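Fold and contact review
Here is what each chain is made of, one letter per residue.
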Amino acid sequence: FESTQRDSTKKALGFHTQLPIVLCCAANLNEERKGARFLDAMLNHSILEKIQLVLLGACNLPAASRHENVHNLGFIRDEITLRMVYSAADMLVHLAPIDNLPNTIAESLAAGTPVLAFNTGGIPEMVQAGKSGWLVEEITGRALLVKLEEIISENSFLPLRDSTQSYAKKLFDEELIANQYFKLFKSLSN
């Protein structure tokens, strides 16, 4: 994934360019383990007046169809469209209360899109405050929404675009990963 011109991508996907785009994605956003209760809290909060919420993945929560600023895209298999959605987003909100090293975060970072997530599992290895996003310590809908409102009101996602992509390149660089595997295999064969 690579970043593209956000405003052009937003327009191509039919999104408004005036409001920040907050992306939430999982194969099934209805699942509790993927943060359905936190998504439901977002869908029923006044934050929707200040953002466009883009849902990527299966979602049949009733509140997802009640607001004009919610775009429910469903499950997208096309890699080009998926890349465009990540690039159009101003930030990803990863809703899972427990997760290891989520692909959605890796894809978001690679597109230069910072991430807001809970400080749990392997996520702190991917999301670094001030470099690639923000971590919420308390795993509650209230804590997540307070942090989201702060980020949106301060537009603090704007300066993180370049650093997010640079950070992702350092984390996921193919040559770096290959060399790490090579060193590991070499150390095991001795």
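Here's a quick rundown of the structure. This one's a predicted model, so the numbers in the text were calculated from it and none came from an experiment.

About the thresholds
- Residues numbered from 1 in each chain as written.
- Predicted model: local features only at pLDDT ≥ 70, side-chain atom pairs only at ≥ 80, totals over all residues.
- Heavy atoms only, no water.
- Salt bridge = Lys/Arg side-chain N within 4 Å of Asp/Glu carboxyl O.
- Helix = DSSP H or I, 4+ residues; strand = E, 2+ residues; numbered from the N terminus.
- Buried < 20%, exposed > 50% of the residue type's maximum accessible area, 1.4 Å probe, protein only.
- Core = buried A, V, L, I, M, F, W, Y, C linked by side-chain atoms within 4.5 Å.
- Contact = heavy atoms within 4.5 Å.

1. Here's the deal with the pattern of salt bridges
Within this structure, the stated rule accounts for 6 salt bridges. Salt-bridge contacts for Asp 90 lead to Lys 10; the nearest nitrogen and oxygen are separated by 2.9 Å. With Asp 90 in the loop between helix 3 (79–88) and strand 4 (91–94) and Lys 10 in helix 1 (residues 6–12), the pair connects residues that are 80 residues apart, well separated along the chain. Considered together, Asp 90 and Lys 10 belong to a single accessibility category, that of buried residues.

2. Looking at unusual backbone geometry
Although it is not a glycine, Asn 155 adopts a positive phi angle of roughly 50°. Here Asn 155 shows up in the loop between helix 6 (141–154) and helix 7 (160–172). On the basis of relative accessibility, which here comes to 35%, the residue Asn 155 falls in the partly exposed class.

3. A closer look at the nonpolar core
Leu 39, Leu 53, Val 93 and Leu 148 are the most contacted members of the largest nonpolar core, which has 33 residues in total. Contributing elements (two or more residues each) for this core: strand 1 (21–28), helix 2 (36–43), strand 2 (52–58), strand 4, strand 5 (115–118), strand 6 (133–136) and helix 6. Considering each element in turn, this core owes the most residues, 6 residues, to helix 6. Dropping the residues within four chain positions of it, Leu 39 is found in contact with Cys 24, Leu 29, Leu 53, Leu 55, Cys 59, Leu 61 and Leu 95. Membership of the second largest hydrophobic core comes to 23 residues, among which are Ile 76, Val 85, Ala 88 and Leu 109.

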